[in-house]
Amino acid sequence: GDTGRRCRELAGDLSGFVLDSLRGLREARQFGAGGRRLEELDSRSRELVRVQGLLNDRSSDGIAITSGLILLFGLGQLVLGALLFQAGSAGAVVLATVSILSSFGPTTALAALGVTLQGTIASGARVLAVLDEEPVVPEQEGGCDVEFSGAAAEHVSFSYGGEQILSDVSAEVPANGIVGITGRSGSGKSTLCRLLMRFWDVDEGRVALSGKDVRDINTSSLREAEALVEQDTNLFHDSILDNLLLARPDATREQVEEACKAASVHDFIMSLPQGYDTMVGELGDTLSGGERQRLGLARAFLHGAPFLLLDEPTSNLDSLNEGAILRSLGEQRASRTVLLISHRASTMGIADEVIEMRSGRVS
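> How do you make sense of the overall build of the chain when you look at a structure like this?
When helices and strands are tallied, the chain shows 13 helices and ten strands. Long-range contacts, defined as pairs at least 24 residues apart, comprise 73% of the intrachain contacts of the chain with a sequence gap of at least 6. Of the roughly 20,300 Å² of accessible surface on the chain, a fraction of 54% belongs to carbon and sulfur atoms.

The structure is reproduced here in structure tokens:
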């Protein structure tokens, strides 16, 4: 019941806390927060042990009652066996003894089943709760497919968590061009990118791709037309090659290398002991921020989407790598459209048009 559910919740929270602590181990040591994290870990562990103790108490009570009943039935069987033996029914004594002894195992298992099921049912409820979660933006499967010919935000307003992020924003991204968006942190630049990707739906106005409202475009077609590269690139605990092929599983080795050269990361990969077969650590921790960012760009280039949305794509790069990537973007003007978000003036220099955002509005 509630105790089993509480136990599962505490176990899940404890696992998350331990994983979080391992990921932030460097920061905890740097700022002397290790002691506080250990105290919190100890507190959470004690609470979990306390709740598990309640479940164990219930299990012990059930086992004690079951053992007592087994003992009583065993004594009863001895008395019954003695009476049957005196009556000359030796065969009946054997049959009765075997019957009652064989029932002890299933009876004990059934007694413990009730407590065991509490944890099982609680775990199942947590899984079902995730499966029953309604997506913020439902997949569109009965809409239309599009060929990319430009994107636009038309009088868009958007709020998240009750906070107004964008207010009456209009912007156009023509095909085969590079449009830059600049502005202070919190001005809504990244939010606009996510609305173009339809990670959220607008409150007012319209986000359009090729003149079609993104809400009416099939999600699969939208994902084929767009590729988003964020400042922090997530990498799986797999080889570099497999991380890149995530964007295009049927790509050839030559296509992968071409994308990596465009992202100025091919030479780095080839300098590694196993090249493209080198394993990437969990969360990409074996690579620097700039190396992960360049792999993210290579993945987007390999994807081949005609519309690239780049959110601070050069924030972790030195001037040399930034120049190489900007040169690659410039060479792809004829076949790709780029929406480029950056604080760097050097990055904005490649843009055909620069849009400045202030406090959720286009200025």
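> Any chance you could explain the pattern of salt bridges here in plain terms?
A side chain of one charge can pair with a side chain of the opposite charge if their charged atoms are brought near each other. Evaluation of the coordinates by the stated rule reveals 13 salt bridges. Across the pair Glu40 and Arg44 runs a salt bridge, and its minimum N-O distance is 2.9 Å. You can see Glu40 and its partner Arg44 sitting in helix 3 (residues 34-86), four residues apart, about one turn around the helix. A relative accessible area of 33% places Glu40 in the partly exposed class.

> Just to check I follow, could you spell out the packing of helix 9 (residues 253-262) against helix 11 (residues 289-303) for this structure?
Angle between the axes and distance between the axes: these two values describe a pair of packed helices. Closest axis-to-axis distance for the helix 9/helix 11 pair is 8 Å, and the angle between their directions is 130 degrees. Classed by the angle they form, the pair helix 9 and helix 11 counts as oblique. In the packing of helix 9 onto helix 11, the handedness of the crossing is right-handed. Of the residues in helix 11, those touching helix 9 at Gln255, Val256, Ala259, Cys260 and Ala262 are Ala298, Phe301 and Leu302.

> How should I be thinking about unusual backbone geometry in this particular structure?
What is expected of a backbone is that most residues other than glycine have negative phi and most peptide bonds are trans. A positive phi angle, close to 60 degrees, is found at Arg198, a residue other than glycine. As for its placement among the helices and strands, Arg198 is situated in the loop between helix 6 (189-196) and strand 4 (204-209). What makes Arg198 buried here is its relative accessible area of 9%. Residue Glu312 is not a glycine yet carries a positive backbone phi of 50 degrees. Mapped onto the fold, Glu312 is located in the loop between strand 7 (307-311) and helix 12 (319-331).

Here is what the cut-offs are and how they apply
Residues numbered from 1 in each chain as written. Predicted model: local features only at pLDDT ≥ 70, side-chain atom pairs only at ≥ 80, totals over all residues. Heavy atoms only, no water. Helix = DSSP H or I, 4+ residues; strand = E, 2+ residues; numbered from the N terminus. Contact = heavy atoms within 4.5 Å. Areas by Shrake-Rupley, 256 points an atom, 1.4 Å probe, with all protein chains shown as cover. Salt bridge = Lys/Arg side-chain N within 4 Å of Asp/Glu carboxyl O. Buried < 20%, exposed > 50% of the residue type's maximum accessible area, 1.4 Å probe, protein only. Axes fitted to C-alpha atoms, helices over the stretch in contact; angles between N-to-C directions. Parallel < 35°, antiparallel > 145°, perpendicular 65-115°, else oblique. Left-handed = near helix turned anticlockwise from the far one by under 90°.

Geometric descriptors of this kind do not, in isolation, establish any biological role.
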